[in-house]
Amino acid sequence: DLDEIGTPRYNLLLDLMKCQVKHPNNTTLGDNEEKTTDAKLCVKVEKAYNSCHSGIMGVGNFKGRKNCGKEIESLFACVNPNASLPQA
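Residues numbered from 1 in each chain as written. Predicted model: local features only at pLDDT ≥ 70, side-chain atom pairs only at ≥ 80, totals over all residues. Heavy atoms only, no water.

1. Things to note about unusual backbone geometry
Rules: Counting from the N terminus, the helices are DSSP H or I runs at least four residues long and the strands are E runs at least two residues long.
You will see that Lys 63, though not glycine, has its phi angle at about 50°, which is positive. Assignment of secondary structure puts Lys 63 in the loop between helix 2 (39-58) and helix 3 (69-79).

Right under this line is the structure:
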């Protein structure tokens with residue numbers, strides 16, 4: 001659950017994605033073509049997540065929300081463009 005900020009599974013996923021921001025994936029496009037994920041875009045998305053995380057941990061909310069589900073989902077999509085999250 002991407003809304004469970006601070007849980008061990010959440011933190012492991014977040015650590016993995018932060019590593020992927022620093023070391024972008026190559027995405028196979030077919031016919032031996034590869035495309036590297038735009039690291040600069042993912043850095044911006046990571047900064048947006050960090051702002052949300054700071055708000056949640058600091059004052060308990062961010063833009064009226066009690067979690068960073070949208071931001072972490074955006075970060076996941078950025079570092080893993082061909083992956084999809086299961087729908088709840």
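2. Side note on the state of the cysteines
Selection criterion: Defined by distance alone, a disulfide is two cysteine sulfur atoms within 2.5 Å. When a residue's accessible area, from a 1.4 Å probe over protein chains only, is under 20% of the maximum for its type it is buried; when over 50% it is exposed; and in between it is partly exposed.
With the rule as written, the count across this model stands at two disulfides. Each sulfur of the disulfide joining Cys 42 and Cys 78 lies 2.1 Å from the other. For the disulfide bridge between Cys 42 and Cys 78, the dihedral angle about the S-S bond is near -105°, and by the sign convention the bridge is left-handed. On the criterion of sequence distance, the pair formed by Cys 42 in helix 2 and Cys 78 in helix 3 is long-range, its members being 36 residues apart. Cys 78 sits in the buried class, given a relative accessible area of 10%. Disulfide pairing places Cys 52 opposite Cys 68 at an S-S distance of 2.1 Å.

3. Some remarks on the confidence of the model for the chain
Under the convention used in this document: pLDDT measures how confident the predictor is about each residue, on a scale from 0 to 100.
When pLDDT is averaged along the chain, the result is 82; 75% of the residues meet or exceed 70. When pLDDT is averaged over each element of the chain, helix 2 comes out on top at 91 and strand 1 (residues 26-30) at the bottom at 57.

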